[in-house]
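Residue-level listing of the chains:
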Amino acid sequence: KSIMKDMIALSREVGASEFSALLKFERDGNKVKVIKYYVPEQEASFAAVRVTEEFDQSWKGILHKHPPNCTTFSSIDEEYIHQNFTLSLLLVNEEIKEGLFRDICCCGGVKRREVIIVDEQEVTVSKRIKEMATKVKQEVVPQYTSYDWSKFQRPTYEQDMSSL
């Protein structure tokens, strides 16, 4: 059972709605290995996600699902998601379309890195997917700028890098 299979199954379960999953990962050179995920409580539409659950800041990565044919990170993703997570993955049409690792440059830029998905969880997929899908509350009216990471306090650069 792989993380990608779980995310694809969850994507099918929630339909066209977006969703986000928090990730833990390990870095090996220029590769990132995703080793664990968690789907927090959230409100989602086909155009927005609002995470409503507090979560441990040890989750430094995020997988974000877009509806079909929205195959690149949006400007809202760039502004609200990338600044809060070291690793960002974009799931579209049942595959990862983009992956960004916020590598530290002297200019503060983001470098794209190869991503390897590795799963270390051994729970029955169908039960886990049903449980995760209950956390994605579908909104009736899409809100194009409703990403609400305002309660999330990202550690400083030094704190972030000291844990890698």
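Keep in mind that what you see is a predicted model, and the values were worked out from it rather than measured. (Residues numbered from 1 in each chain as written. Predicted model: local features only at pLDDT ≥ 70, side-chain atom pairs only at ≥ 80, totals over all residues. Heavy atoms only, no water.)

1. Focus on the overall build of the chain
Argument step 1. Along the backbone of the chain there are 4 helices and 10 strands.
Argument step 2. Ordered by position in the sequence, the α and β elements of the chain form the string α-β-β-β-β-β-α-β-β-β-β-α-β-α.
Argument step 3. With 164 residues in all, the chain has 46% of them scored as buried.
Argument step 4. In the chain, 69% of the contacts between residues at least 6 apart in sequence involve partners at least 24 apart.
Argument step 5. A total of about 8500 Å² of accessible surface is found on the chain, and carbon and sulfur atoms cover 50% of it. (Helix = DSSP H or I, 4+ residues; strand = E, 2+ residues; numbered from the N terminus. Buried < 20%, exposed > 50% of the residue type's maximum accessible area, 1.4 Å probe, protein only. Contact = heavy atoms within 4.5 Å. Areas by Shrake-Rupley, 256 points an atom, 1.4 Å probe, with all protein chains shown as cover.)

2. Quick look at the sheet that holds strand 4 (residues 49-51)
Argument step 1. With mixed pairing, the 3 strands of this open sheet are ordered in space as 4-3-10. Looking at the sheet topology across the chains shown, the edges are occupied by strand 4 and strand 10 (136-138). Strand after strand, the sheet turns through a mean of 25° between neighbouring axes, direction not considered. (Pairing = 2+ DSSP bridges. Axes fitted to C-alpha atoms, helices over the stretch in contact; angles between N-to-C directions.)

3. Some words on the pairing of strand 5 (residues 61-65)
Regular strands have side chains that alternate between both faces of the sheet.
Argument step 1. Among the 5 residues that make up strand 5, 5 are buried, leaving the element largely enclosed by the rest of the structure.
Argument step 2. With burial as the criterion, each face of strand 5 is covered, one bearing Gly-61, Leu-63 and Lys-65 and the other bearing Ile-62 and His-64.
Argument step 3. As defined by bridge partners, strand 1 (residues 19-28) adjoins strand 5 across 5 bridges and the pair is classed as antiparallel. The residue bridging Leu-23 from the neighbouring strand is Gly-61, located in strand 5.
Argument step 4. Relative to strand 6 (residues 87-92), strand 5 runs parallel, the two being bridged by 5 bridges. In the sheet register, Gly-61 faces strand 6, and the bridge partner there is Leu-87.
Argument step 5. Between the parallel pair strand 5 and strand 6, the chain is carried across by helix 2 (residues 75-81), and the sense of this crossover is right-handed. (Right-handed = clockwise from strand over helix to strand, strands pointing away.)

4. A look at the confidence of the model for the chain
Argument step 1. With 68% of its residues at a pLDDT of at least 70, the chain reaches an overall mean of 77.
Argument step 2. Ranking the elements of the chain by mean pLDDT puts helix 4 (residues 157-162) last, at 64, and strand 5 first, at 93. (pLDDT = per-residue confidence, 0-100.)

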